[in-house]
Amino acid sequence: MNASSLPPLATLEAGFAPASWAAGEDYVLQDRVQGLRRAGTSLAARVLGVRDDYAVRCALSDPPVSYCSCGRPRCRHAAAIIQAYYSRRVRALDADAVIDAYLRHPTRAPLAAAALGEDLLEAMRLPPEGPHDIASAPEAEAVLRMQQALEASPDRAGLLLALLPRGTAAGPVQDLLRGWLADLAQEPAQWLRFYEAAPLPLLPFLRSIEPGDWGPELRPHLLAALWHCAAQEDPRLPDLADAAARHAPLEAYQALDALVRSRPQLVGPLLAAGAGCGRRGRALAAALSAAAEQDSAVQESMLSEIQRASGDHPGQRAEALLRLAALQGDARALLAARRAAVRAGNWPHLRGLVPDLLRGRADAIVLETRLLLADGDLEGAARAAARSRASSVPERLVAEALRAVSPAEARQHELRADAIAARLGEASGQADGPQRRRPQEERTRPRKD
């Protein structure tokens, strides 16, 4: 209520005896009016009297109506609080404003304070407990205070967001936070806010919550969070990438295509995003290109993921198999990849990658010889075997292939293999592993005296 709606001071003065009004003025000048409050057209205060302190209430009407613990109506104490208010010498607390503010954000604390004898209006004026105050209490008390605060808060999501850092350790507090997350994280925008703020122990629980539809207006926020995590090297990055691949596949594909070279752990989400937006082939090609730039341990992991995701793209699957086999030096897997590429029709293209894939390997000539023999290129295999200085295996492989078509040439390759084996100290007759020479060879080889 505005001050203009109140009776003028002269009207109120007319309702008091002159002596009482004058005594009231002395009380004001001596600063004896304490705790002045106004609610509507009523005033209340405590007046420090000569013999006692007096509680006074006064309705600002014509004539004024007062109630005082001194027992007299329209007493000097009532005159004092009226003059204190109108003179602005004592600041009056606006009880209506305090109550309205409390009703907008009601809590139990002021009521509990009043029940224990504290002044209710003063308790209502205290700012509500902040998240730090609530969470800093001992665990048993914190759980109760968190629950009460969340139940009473008009912005439960905002308060829960502020309380999440307390959920780092297993226990009642974390259980309470999980319960509220299960209720409030169903909406995509809120899920994203919680996921960005939650401590690591709460992330698995949030991952188990599948929020609703991510409309077009929310996808930019999801991608912004993805880029933010990438810039901060945040461990949440793979999970946000998974969410982006599911809910915004096209946008996620474009982002992950740029990120996967420097962050190979994103190869899975990249492939999922490519499949989700109809660009699986491009995503596989990008993943293979990124894998080729990694060291062997990371590359092996990426290629295994690519192989699993290749699905109905036999050409991409064959390339992943070929690269993985070359990396591991697995001859059987290399030949299996060749067969898969032949069936897919892209072996001529992949054949050109083999020298680069095998470069630097100690067994490169062995693997190259096997592939040349599988291609039926005996001359190429013989040339490759002739370059081998670190193993007799290539020469023995060529000898085995020639034995049925040209025994004489096969014999020459066997002799070269024996010479290499003798120089290197290998077991004689070694191809895929140590093995005994055939009995007929033992019989026909001249004995040295």
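It should be emphasised that the depicted structure is a prediction, and the values quoted were computed from it without experimental measurement.

1. Notes on the packing of aromatic side chains
- The full count for this structure, using the stated rule, is three aromatic pairs.
- Its end group placed over the ring of Tyr-85, Arg-88 keeps NZ or CZ at 5.0 Å from the ring centre.

2. Regarding the sheet that holds strand 4 (residues 65–68)
- Read from one edge to the other, the open sheet built from five strands follows the order 4-3-2-1-5, with strand pairing classed as mixed. Looking along the sheet, the strands with just one partner apiece sit at the ends: strand 4 and strand 5 (93–94).
- With two bridges joining them, strand 1 (residues 33–39) and strand 5 adopt parallel strand pairing. When the bridges of strand 5 are listed, Arg-37 appears paired with Leu-93.

3. Topic: the confidence of the model for the chain
- Averaged over all residues, the pLDDT of the chain equals 83, while 90% of them reach at least 70.
- At the low end of the mean pLDDT range in the chain sits helix 27 (residues 439–444), at 37; at the high end sits helix 3 (residues 76–87), at 95.
- Counted against residues more than four places away or in other chains, residues 428–449, with its pLDDT under 50, gives 23 contacts.

4. Brief notes about the nonpolar core
- Among the nonpolar cores identified, the biggest contains 62 residues, and Leu-160, Trp-191, Phe-194, Leu-206, Leu-240 and Ile-306 are the most heavily contacted of them.
- The contact partners of Trp-191, leaving out residues within four places of it in the chain, are Ala-185, Leu-206, Ile-209, Pro-211, Trp-214, Leu-240 and Ala-243.
- Grouped together as the second largest cluster of nonpolar side chains are 26 residues, Leu-43, Tyr-54, Ile-82 and Val-90 included.

5. Quick word on helix 24 (residues 378–386)
- Among the residues making up helix 24, those that are buried are Gly-380, Ala-381, Ala-384 and Ala-385. Projected down its long axis, helix 24 shows its buried positions confined to an angular sector of 135°, all on one face. Opposite the packed face of helix 24, turned more than 90 degrees from it, sit the exposed residues Glu-379 and Arg-383.
- Each element contacted by the buried residues of helix 24 is listed here: helix 23 (364–374) and helix 25 (393–402).

6. Some remarks on unusual backbone geometry
- The peptide bond linking Asp-62 to Pro-63 adopts the cis configuration, its omega dihedral lying at 0°.
- For Pro-63, the location among the structural elements is in the loop between strand 3 (53–59) and strand 4.
- With phi around 60°, Arg-88 is a residue other than glycine that occupies positive phi space.
- The topology assignment puts Arg-88 in the loop between helix 3 and strand 5.

What counts and what doesn't
- Residues numbered from 1 in each chain as written.
- Predicted model: local features only at pLDDT ≥ 70, side-chain atom pairs only at ≥ 80, totals over all residues.
- Heavy atoms only, no water.
- Phe/Tyr/Trp six-rings, centres within 6.5 Å; stacked < 30°, edge-to-face > 60°.
- Lys NZ or Arg CZ within 6 Å of the ring centre and 35° of its normal.
- Pairing = 2+ DSSP bridges.
- Helix = DSSP H or I, 4+ residues; strand = E, 2+ residues; numbered from the N terminus.
- pLDDT = per-residue confidence, 0-100.
- Contact = heavy atoms within 4.5 Å.
- Core = buried A, V, L, I, M, F, W, Y, C linked by side-chain atoms within 4.5 Å.
- Buried < 20%, exposed > 50% of the residue type's maximum accessible area, 1.4 Å probe, protein only.
- Arc of directions from axis to C-beta.

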